[in-house]
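# Geometric and topological summary
Spelled out, the chains give:
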Amino acid sequence: PLPPGGQGARGCTDGFRSMLRGGEGVPQDDDKAARLYRLAADQGDADAQFNLAVFCETGRGVPQDIDEAARLFRLAAEQGLAGVQVNLALLYEDGKGVLMDIGEAARLYCLAADQGDANAKGNFALLYAKGRGVPKDFGEAARCFRLAAEQGNVISQLYLGQLLLETAAAGRALPAAPGE
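Report follows, based on the coordinates. These numbers were taken from a predicted model, which means no experiment stands behind them.

## Focus on helix α7 (residues 118–130)
The end-to-end C-alpha separation of α7 is 19 Å, in line with the 18 Å expected for 13 residues at 1.5 Å each. Burial analysis of α7 places 10 of its 13 residues in the buried class, the great majority of the element. Those residues of α7 not exposed but buried are Ala 118, Ala 120, Lys 121, Gly 122, Phe 124, Ala 125, Leu 126, Leu 127, Tyr 128 and Ala 129. Close packing links the buried residues of α7 with α5 (82–94), α6 (102–114), α8 (138–150) and α9 (154–169). Structurally, the start of α7 carries an N-cap: the backbone nitrogen of Asn 119 is 3.0 Å from a side-chain oxygen of Asp 117. Downstream of α7 by one or two residues, Gly 131 has phi in the positive range, about 70 degrees.

Structural data, given as structure tokens:
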């Protein structure tokens, strides 16, 4: 998941790493791609930190190392990449490579949701629906599911429908969405 390359030398390097990773125009070479990601990640490149973290998490091009993956996700997340914040939040929810900390997962989902990430909104809604790391609040869960669903997040559409059915069956109503 590399974003499009930037301008100048960095853009060329991003493009080359992407080509090696995906085998576009050159033979796929995960080992070389991982080495290039490492060089850029060590220089603070958030995209490279993210991609190398995925390699570490899956064992692609490097030995599988969930602790290193979590460290790299954290470095990239601290630079404000919403998708990476979601990945790191998932690790905190599951306690993979980090101590389980649902409150930290909620904080990271909130940061990413504030940047418009639909997956973060849906995952944050699940925390509200279950009362994990945040107070149980079906109204807030529905609000977050609606926001994610409006962005086309299919899982949030499913959960929102289920939440509406359950509350109707129980004779309760969720707060209306703005404009309803």
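## Concerning the packing of helix α3 (residues 46–58) against helix α4 (residues 66–77)
One way to put it is that α3 packs onto α4 with a least axis distance of 8 Å and a crossing angle of 160 degrees. Classed by the angle they form, the pair α3 and α4 counts as roughly antiparallel. Crossing of α3 over α4 shows left-handed handedness. Each of Ala 46, Gln 49, Phe 50, Leu 52, Ala 53, Val 54, Cys 56 and Glu 57 in α3 lies in contact with α4, whose residues at this interface are Ile 66, Glu 68, Ala 69, Leu 72, Phe 73, Leu 75 and Ala 76. Residues belonging to the contact of α3 with α4 are distributed by class as follows: 12 nonpolar, 1 polar and 2 charged.

## Notes on α5
The end-to-end C-alpha distance of α5 is 19 Å, a good match for the 18 Å that 13 residues give at a rise of 1.5 Å each. The set of residues buried in α5 consists of Ala 82, Val 84, Gln 85, Val 86, Leu 88, Ala 89, Leu 91, Tyr 92 and Glu 93. Where α5 is buried, its residues touch α3, α4, α6 and α7. Of the residues flanking the end of α5, it is Gly 95, one or two places downstream, whose phi is positive at about 70 degrees.

Reading the values: the criteria
Every chain's residues receive numbers from 1 upward, in the order its sequence appears when written. Totals for whole chains, interfaces and linings use all residues, but because this is a predicted model, local features are given only for residues with pLDDT of at least 70 and pairs of side-chain atoms are given and counted only at 80 or more. Neither water nor hydrogens contribute to the side-chain values; these are computed over all heavy atoms in the structure. Secondary structure is summarised from DSSP: a helix means a run of H or I of at least four residues, a strand means a run of E of at least two, and numbering begins at the N terminus for each. What a helix should span is 1.5 Å times the count of its residues minus one. Buried, partly exposed and exposed residues are distinguished by accessible area as a fraction of the type maximum, computed with a 1.4 Å probe on protein chains only: under 20%, between the cut-offs, and over 50%, respectively. We call two residues in contact when some of their heavy atoms are within 4.5 Å. Under this definition, polar contacts are N or O atom pairs within 3.5 Å; protein pairs additionally need one hydrogen-donor-capable and one acceptor-capable atom, and for neighbouring residues in sequence, both atoms have to be side-chain atoms. Note on geometry: axes are C-alpha line fits, over the in-contact stretch for helices, and angles between N-to-C directions span 0 to 180 degrees. An angle below 35 degrees is read as roughly parallel, one above 145 as roughly antiparallel, one from 65 to 115 as roughly perpendicular, and any other as oblique. Should the near helix be turned anticlockwise from the far one by less than a right angle, the crossing is termed left-handed; should it be turned clockwise, right-handed. All residues other than Ala, Val, Leu, Ile, Met, Phe, Trp, Tyr, Cys, Pro, Asp, Glu, Lys and Arg, Gly among them, are scored as polar; the first ten of these are nonpolar and the last four charged.

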